[in-house]
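Spelled out, the chains give:
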Amino acid sequence: MGVMIQKNNFFFLAFALLLVQNATAAIPVLKSYVGHPLIHLVDGNVKVEPVKGKQIEQTFTVKTAAKEQIKIELGKDFYVIVFPESSAKVEGYYITKKDFKVKSVNFNSGRFYVKNGSNIEDDLTVIYQSDFFIWKNSEKNNQREFFVELNPAIAQVRFCAGEAGIAASLFDHEIVKNLKFQEGASFQGVLKDGQLEFDQLLQNRKIPKGEWKENFTCDFKQILKEMNDLEASEIARSKKAAQTKKIEDKKRKQEYDKSVCHDPNGQFNECLWRWEEKSCIRYRCDGQGQWQDRQQLPKNQNYHCETKPKVSKCDY
């Protein structure tokens, strides 16, 4: 009996692992954002309003301004964070009517943090690419966590390795930078007519012109802190704004409740002055809570009407 239970457990575990391996990647989701990042669908150039939890079922671009940031979930424990003043493109499509596949993340310029803790095959084979590199992930060579900074204007790319390390390579360049946790590397390329210049090799291969600089120590924790601090400051700002709104709403309700007339608020026998059709009009608050006794004032009394409606003691 014990042997049967062990066999059943074994087959159940094997079946569960098979399900995980064959699971498909998720549709990209906007997990959080700071400010108002620009998001456009590539098909039709349709603007997408950033909303927490929103799914995007097409290829799209994202661009952040100063003090803006966005976190995009691409799969199971798999996400990319676009830092301020950065731009990228996420390519994806439906491989069947139900199954969505993220094909690649294209880093255009700026700074990015990538974390891929997934064990789902589709998540592990997402391609990372830019003007400087194209990384076709596999189970043997999978970039699990890294920070990358691209500056096309000066033909420079910088890497910082996360806990699992990374193998930073630039197309068919002979040097591969195998970086350990918190080890960084930078490549200084060559510009020609504003574009990164390449040497063309046989069989359509190419390598960027330039050179790798000496490795350096990068503070990965500081990178994560900067990322988290910006998000925390936005949460604090939103919380403060919500508290301020709550206080203002309470104050408005109190003013409304103690007033006889409304829109705008006023007391019994107070007067309201406001512009209507280029004329200064005066009303009086009656005992029924209505602004009544409409009077059009002569032009020499237009000074009573201000840029916005005024309520005060009547002048008669």
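Numbering of residues begins from 1 in every chain and follows the order in which that chain's sequence is written. For this predicted model, a pLDDT threshold of at least 70 governs which residues receive local features, and a threshold of 80 or more governs which side-chain atom pairs are given and counted, while totals over whole chains, interfaces and linings are taken from all residues. For side-chain calculations, the full set of non-hydrogen atoms in the structure is used, while hydrogens and water are omitted.

J.: Explain the nonpolar core to me, using residue names and the numbers behind them.
T.: Of all hydrophobic cores here, the largest spans 43 residues; its most connected members are Phe107, Tyr128, Phe133, Val148, Val157 and Phe159. Ranked by residues supplied to this core, first place goes to strand E8 (residues 100–116) with six residues. Residues count as neighbours in contact if any of their non-hydrogen atoms are within 4.5 Å of one another. Not counting chain neighbours up to four residues away, the residues in contact with Tyr128 comprise Phe78, Val105, Phe107, Val114, Asn116, Phe133, Ile134, Trp135, Asn137, Gln143 and Phe146. Throughout this description, the term nonpolar core refers to a set of buried Ala, Val, Leu, Ile, Met, Phe, Trp, Tyr and Cys residues connected via side-chain atoms within 4.5 Å. Remark: exposure states derive from per-residue accessible area (1.4 Å probe, protein chains only) relative to the maximum for the residue type, with buried under 20%, exposed over 50%, and partly exposed in between. Core analysis: the second largest hydrophobic core is formed by ten residues, Ile81, Tyr113, Cys160 and Phe220 among them. Secondary structure counts use DSSP, requiring at least four H or I residues in a row for a helix and at least two E residues in a row for a strand, with both numbered from the N terminus.

J.: Please provide a residue-by-residue account of the sheet that holds strand E25 (residues 310–313), values included.
T.: A pair of strands is treated as paired once DSSP finds two or more bridges between them. The four strands are arranged E24-E23-E22-E25 in an open sheet whose pairing can be described as antiparallel. Two strands in the sheet have a free side with no partner beyond their single neighbour: strand E24 (291–296) and E25. Strand-to-strand twist in this sheet, taken as the mean axis angle between neighbours without regard to direction, amounts to 30°. Of the pairings in the sheet, the one linking strand E22 (residues 270–276) to E25 comprises four bridges and is antiparallel in character. Across the sheet, Trp273 pairs through a bridge with Lys310, a residue of E25. Axes, fitted as lines to C-alpha atoms, cover a helix only where it is in contact. Angles between the N-to-C directions of the axes lie from 0 to 180 degrees.

J.: An account of the pairing of strand E13 (residues 166–169) is requested, with residue identities and associated values reported.
T.: Residues of E13 alternate between two faces, with Ile166 and Ala168 on one and Ala167 and Ser169 on the opposite face, all of them buried. Bridging between E13 and strand E14 (residues 176–179) involves four bridges; their strand directions are antiparallel. In the strand pairing of E14, Ile166 is matched with Leu179. Once E13 ends, the chain turns through six residues before running back antiparallel as E14, passing Phe171 with a positive phi of about 50°.

J.: Report on the pattern of salt bridges, specifying residues and quantitative values.
T.: By definition, a salt bridge exists where a carboxyl oxygen of Asp or Glu is found within 4 Å of a side-chain nitrogen of Lys or Arg. Counting across every chain of the model gives 15 salt bridges. Between Glu211 and Lys213 there is a salt bridge; the shortest N-O distance is 2.9 Å. In this structure Lys213 comes out as partly exposed when scored by relative accessible area, which is 36%. A salt bridge links Asp249 to Lys245; the shortest N-O distance between them is 2.9 Å. Here Lys245 and Asp249 lie together in helix H3 (residues 220–257), a separation of four residues that amounts to about one turn. The class for Asp249 is partly exposed, based on a relative accessible area of 30%. By sharing partners, the salt bridges in this structure join Glu197, Asp199 and Lys209 into a single network.

J.: Outline the packing of aromatic side chains, listing residues and values.
T.: Here is the rule: rings of Phe, Tyr and Trp (six-membered ring for Trp) pair when centre to centre is within 6.5 Å. Planes less than 30 degrees apart are stacked, more than 60 are edge-to-face, and the remainder are tilted. Applying the stated criterion across every chain yields a total of 17 aromatic pairs. On the basis of an interplanar angle of 50° and a centroid distance of 6.1 Å, the ring pair of Tyr79 and Tyr113 is categorised as tilted. A residue pair is termed long-range when its members are at least 10 positions apart, and Tyr79 in strand E6 (residues 78–82) and Tyr113 in strand E8 qualify at 34 residues. Of the two residues, Tyr79 and Tyr113, both sit in the buried class. For the pair Phe159 and Trp212, a centre-to-centre distance of 6.2 Å together with 35° between the ring planes defines the contact as tilted. One end of the pair, Phe159, is in strand E12 (residues 156–161); the other, Trp212, is in strand E20 (residues 210–212), with 53 residues separating them in the sequence. Residue Phe159 shares its accessibility class with Trp212, and that shared class is buried.

It is worth stressing that arrangement in space is one thing and function is another; only the former is reported here.
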